[in-house]
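# Fold and geometry: a report
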Amino acid sequence: MRRWIILLATMAGLVAGFLGVLELSNARGFQLFGDIVARLDTDAPVVALTLDDGPTPAYTQTVLDILNERDVKATFFLTGRESAEHPQQVQAIAAAGHEIGNHSWSHKRMAFMSPASIAEEIESTDVAIRKTGYAGPLHFRPPYGKKLVALPWYLAQHGRTTIMWDVEPEADAADAASPRSLAEYAIANATNGSIIIMHVMYESRASSRLALPAIIDGLKARGFKFVTVSQLLAGRQQSSAAD
Ligand SMILES: [Zn+2]
């Protein structure tokens, strides 16, 4: 009897541990190694708009036009594969003054990937983006936000900051299919130093593209200024000098 209880307790512990590991791989503001940012702790009314995936020839210019009309600079987390396929789109993003980030080569989940594959995913993407002539900062965002041990370890060893987010309208809005609902969620939930994540590069993301102008206009009306991820991180220097 006693043996069974111990066995059951051990199994429950293992399940809890595994669930904990999965939870950790998703945590927006914590990882085991290295620098991770989901939001900047600041009194300044600044937000960073981050746009994941692509670039795609179909929608890059549409998105650039929306941003340009509103004089907003964003940060585009691009995949290496799509950057290599569409270097002109990468150049157009950079030429418009936006920041580019590394979003892995193939957009696979990286939580359980081997260290060698992780290095390949990240380095080949750096190469593809740099080949277009982009010389700016290249922060990293894991596909699906998934990370665990090997990925954070690699990033820490290479001095790379992991950029997550604290406002995700597509996941948390009452109705992700409604541009108005997406915009209302973003406008209501962004705070000083927020990092907003949106996906605007694929055909399936029409609602997000339609929501983008309203999100920008609404946040500007609340007094927020849009900055790139690097500009946002620059605001950390004072606080990190103190700790
Ligand atoms: Zn992505």
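Here is what the cut-offs are and how they apply
- Residues numbered from 1 in each chain as written.
- Predicted model: local features only at pLDDT ≥ 70, side-chain atom pairs only at ≥ 80, totals over all residues.
- Heavy atoms only, no water.
- Donors = N, O, S within 2.8 Å, 3.2 Å for Na, K, Ca; no water.
- Buried < 20%, exposed > 50% of the residue type's maximum accessible area, 1.4 Å probe, protein only.
- Axes fitted to C-alpha atoms, helices over the stretch in contact; angles between N-to-C directions.
- Helix = DSSP H or I, 4+ residues; strand = E, 2+ residues; numbered from the N terminus.
- Parallel < 35°, antiparallel > 145°, perpendicular 65-115°, else oblique.
- Left-handed = near helix turned anticlockwise from the far one by under 90°.
- Contact = heavy atoms within 4.5 Å.
- Phe/Tyr/Trp six-rings, centres within 6.5 Å; stacked < 30°, edge-to-face > 60°.
- Lys NZ or Arg CZ within 6 Å of the ring centre and 35° of its normal.
- 1 Å grid on protein atoms, 1.4 Å probe; cavity = no way out; pocket = protein on both sides within 12 Å on 5 of 7 lines; lining within 4 Å.
- Points joined across faces, edges and corners; volume = space filled by probe spheres on them.
- Nonpolar A, V, L, I, M, F, W, Y, C, P; charged D, E, K, R; others polar.
- Salt bridge = Lys/Arg side-chain N within 4 Å of Asp/Glu carboxyl O.
- Polar contact = N/O pair within 3.5 Å; in protein donor to acceptor, adjacent residues only side chain to side chain.
- Pairing = 2+ DSSP bridges.

## Looking at the coordination of the zinc ion
Here the zinc ion is held by the protein donor atoms Asp53 (OD), His103 (NE2) and His107 (NE2), which lie 2.0 to 2.1 Å from it. Within one chain, the residues donating to the zinc ion are spaced in sequence as D-x49-H-x3-H. His103 gets classed as buried once you look at its relative accessible area, which sits at 2%.

## Observations concerning the packing of helix α5 (residues 115-131) against helix α6 (residues 150-157)
Where α5 contacts α6, the two axes come as close as 10 Å, and the packing angle between them is 55°. The pairing of α5 with α6 is recorded here as oblique in orientation. As for how α5 packs across α6, the hand of that crossing is right-handed. Residues Pro115, Ile118, Ala119, Ile122 and Glu123 of α5 form the contact with α6, whose participating residues are Ala150, Leu151, Tyr154 and Leu155.

## A few points about the packing of aromatic side chains
One pair of aromatic rings is described through two measures. These are the centre distance and the angle between the planes. Considering all chains together, one arrives at 0 aromatic pairs under this definition. Across the ring face of Tyr144, the terminal group of Arg109 is positioned such that the distance to the ring centre comes to 4.1 Å. Arg209 extends its terminal NZ or CZ atom over the ring of Tyr59, reaching a point 3.5 Å from the ring centre.

## Some words on the layout of surface pockets
Of the voids in this model, the largest pocket is the one considered here, and its volume is about 200 Å³. Taken together, 17 residues make up the lining of the largest pocket; nearest its centre are Tyr144, Gly145, Trp165, Glu168 and His199. Partitioning the lining of the largest pocket into residue classes produces 5 nonpolar, 5 polar and 7 charged.

## Overview of the pattern of salt bridges
According to the stated counting rule, one finds 9 salt bridges in the structure shown. Across the pair Arg141 and Asp52 runs a salt bridge whose closest N-O atoms are separated by 2.7 Å. Of this pair, Arg141 sits in the loop between α5 and α6 while Asp52 sits in strand β2 (residues 46-52), placing them 89 residues apart in sequence. Judged by its relative accessible area of 2%, Asp52 is buried. A salt bridge links Asp126 to Arg160, with the shortest nitrogen-to-oxygen separation between them at 2.8 Å. Within this pair, whereas Asp126 is found in helix α5, its partner Arg160 is found in the loop between α6 and β5 (162-163), the two being separated by 34 residues in sequence. Three or more residues joined by partner-sharing salt bridges are found here, namely Arg28, Glu168 and Asp172.

## Section: the side chain of Thr161
On the secondary structure map, Thr161 appears in the loop between α6 and β5. In this structure the side chain of Thr161 is engaged in a polar contact, spanning 3.0 Å, whose partner is the side chain of Asp35. If we ignore the near neighbours within four places in the chain, the residues touching Thr161 are Asp35, Val37, His139, Phe140 and Leu233.

## Quick notes on the pairing of β2
The element β2 is largely enclosed, with a buried count of 7 among its 7 residues. Of the two faces of β2, the one lined by Val46, Ala48, Thr50 and Asp52 and the one lined by Val47, Leu49 and Leu51 are each fully buried. As paired elements, β2 and strand β7 (residues 225-227) share 3 bridges and run parallel to each other. In the strand pairing of β7, Val47 is matched with Phe226. With 3 bridges connecting them, β2 and strand β3 (residues 75-78) associate as parallel partners. For Asp52, the partnering residue across the bridge sits in β3 and is Phe77.

## Observations concerning the side chain of Glu168
Relative to the assigned elements, Glu168 resides in the loop between β5 and α7 (169-172). Residue class for Glu168 comes out buried when judged on its relative accessible area of 16%.

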